[in-house]
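# Geometric and topological summary
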Amino acid sequence: MIEAILHKVTTFLRLIRWYNLLFILILIWVMEKWVAVPLLGPWGEQIPTWMLLLMMGAVVCIAAGGYVINDYFDIKIDRINRPERLIVSNTVTKTEAMWTFRILTIIGIILGLGLAWLVHSSSLALVFVLVPGLLWFYSASYKRQFLIGNLIVSLAASVTPMVVAITNVAILRLRFPDLLDYTTLVHDLYAWIGGFAFFAFLTTFVREIIKDLQDAPGDRELECHSLPVVIGTMPTKIVVTILTIIIMASVLYLNFAVVPFPHGFTDLSTRFALYGLAVPMACSLWLVWAARIESDYRMPQLVWKFIMFIGVMYAFVIHSQC
């Protein structure tokens with residue numbers, strides 16, 4: 001009995017990608033505690049703990065629902081690309097998967113709309129309505145179209161940190177209605193968190209293209225128009241290389257040419273940029289070009305996950321300087 005329960009729990013956690021959800025929770029917490037709060041300075045912390053938990057619950061439920069519905073529509077592709085990791089139709093029925101998606105998504109939307117109502121933000125409400133819809137259409141159709149699926153996933157990743165910024169600004173407007181007429185506070189908040197959001201967009205986009213290289217056999221069999229299927233493996237590797245170099249150059253430029261703090265960037269910032277971001281990006285390129293079979297592309301994807309995590313942890317530099 002206990003083993004059966006544990007098996008169901010383990011299967012459910014695998015289905016909703018618990019490790020990705022944990023990263024989302026860390027991302028939201030870091031954006032609030034290490035970016036928003038230090039930048040707000042004398043105006044103090046705007047989002048109370050219970051409201052932050054409400055935000056986390058809304059985002060995590062919607063993201064989890066997105067993972068479930070993606071597996072629901074990808075049964076045929078996953079049978080070819082990763083049969084050993086197939087959950088829906090093997091250990092979870094399609095009906096169970098659909099109901100899991102519905103329940104998680106409805107809970108996420110309700111929590112999100114509740115948060116939007118509490119802070120009087122129509123922008124936030126729009127986010128919690130549009131993103132679940134995008135995730136549904138992505139899984140059902142868009143992911144099979146040329147680049148559109150990659151862009152939607154990247155956009156969804158970038159929205160997560162922006163939810164923190166939108167909520168903080170909404171509460172500021174409620175608490176200090178006259179403050180926003182003469183301060184750059186809101187601009188700085190959107191600029192910094194927007195920078196993290198753009199980094200999330202770019203890194204997710206590159207990782208999704210590498211994932212398409214791994215999934216090319218199944219995508220080709222089911223006539224999905226991913227980048228490797230449309231233009232070929234070698235041209236796709238060139239695209240990945242160009243994008244990686246652009247991201248790497250941007251990170252180094254921001255670190256050495258832009259001075260956002262009164263005392264400039266610290267040695268800690270330089271170490272983050274060089275050893276935490278630039279070097280792993282270079283390693284990912286080597287792994288991509290060295291890949292010969294589909295399973296070889298798993299490692300560069302893991303490297304990009306590490307890069308995403310280190311990019312989020314860069315908020316520690318902001319926290320220590322503000």
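That block above? That's the structure.
Sequence order as written defines the numbering, with residues in each chain counted from 1. Restriction of local features to residues with pLDDT of at least 70 applies here, the model being predicted, together with a cutoff of 80 or more for giving and counting side-chain atom pairs; totals for whole chains, interfaces and linings are based on all residues. Only hydrogens and water are set aside when side-chain values are computed; all heavy atoms of the structure are taken into account.

Whenever Lys or Arg places a side-chain nitrogen within 4 Å of a carboxyl oxygen from Asp or Glu, that contact is recorded as a salt bridge. One pass over the full model with this rule turns up three salt bridges. One salt bridge in this structure joins aspartate 71 and arginine 17, with 2.8 Å as the shortest N-O distance. Linking aspartate 71 in helix H3 (residues 49–73) with arginine 17 in the loop between helix H1 (2–15) and helix H2 (18–40), this pair joins segments that are 54 residues apart in sequence. For the pair shown, aspartate 71 and arginine 17 are each scored as buried. With a closest N to O distance of 3.4 Å, aspartate 74 and arginine 144 form a salt bridge. Highlighted residues: aspartate 74 in the loop between H3 and helix H4 (75–81) and arginine 144 in the loop between helix H6 (122–140) and helix H7 (148–175), separated in sequence by 70 residues. For each residue, the accessible area found with a 1.4 Å probe, counting protein chains only, is set against the maximum for its type, and the residue is called buried under 20%, exposed over 50%, and partly exposed in between. For aspartate 74, a relative accessible area of 4% puts it in the buried group. A run of H or I in DSSP becomes a helix once it reaches four residues, and a run of E becomes a strand once it reaches two; helices and strands are each numbered from the N terminus.

The next subject is the packing of H2 against H3. An axis is simply a line fitted to the C-alpha atoms; with a helix, the fit covers only the stretch in contact. Between two such axes, the angle follows the N-to-C directions and lies from 0 to 180 degrees. Direction vectors running N to C along H2 and H3 enclose 150°, while the axes themselves pass 10 Å from each other. Here H2 is positioned roughly antiparallel relative to H3, judged by the angle of their axes. Crossing of H2 over H3 shows right-handed handedness. Residues Asn20, Leu21, Ile24, Leu25, Ile28, Trp29, Glu32 and Lys33 of H2 form the contact with H3, whose own contacting residues are Leu52, Met55, Met56, Val59, Val60, Ala63, Ala64 and Tyr67. For the contact of H2 with H3, the residue count by class is 13 nonpolar, one polar and two charged. Should an angle fall under 35 degrees it is taken as roughly parallel, and over 145 as roughly antiparallel, whereas 65 to 115 is taken as roughly perpendicular and any remaining angle as oblique. With the far helix as reference, a near helix turned anticlockwise by less than a right angle produces a left-handed crossing, and one turned clockwise produces a right-handed crossing. For this analysis, residues touch if any pair of their heavy atoms sits within 4.5 Å. Residue polarity is assigned by list, with Asp, Glu, Lys and Arg as charged and Ala, Val, Leu, Ile, Met, Phe, Trp, Tyr, Cys and Pro as nonpolar; anything else, Gly included, falls into the polar class.

Before going further, it helps to examine the environment of proline 228. Within the secondary structure layout, proline 228 lies in helix H10 (residues 227–231). Its relative accessible area of 1% is what places proline 228 among the buried residues. As a C-alpha pair, proline 228 and isoleucine 209 span 19 residues in sequence and 8.2 Å in three-dimensional space. Aside from chain neighbours lying at most four places away, what touches proline 228 is Asp212, Leu213, Ala216, Arg220, Thr233 and Thr236.

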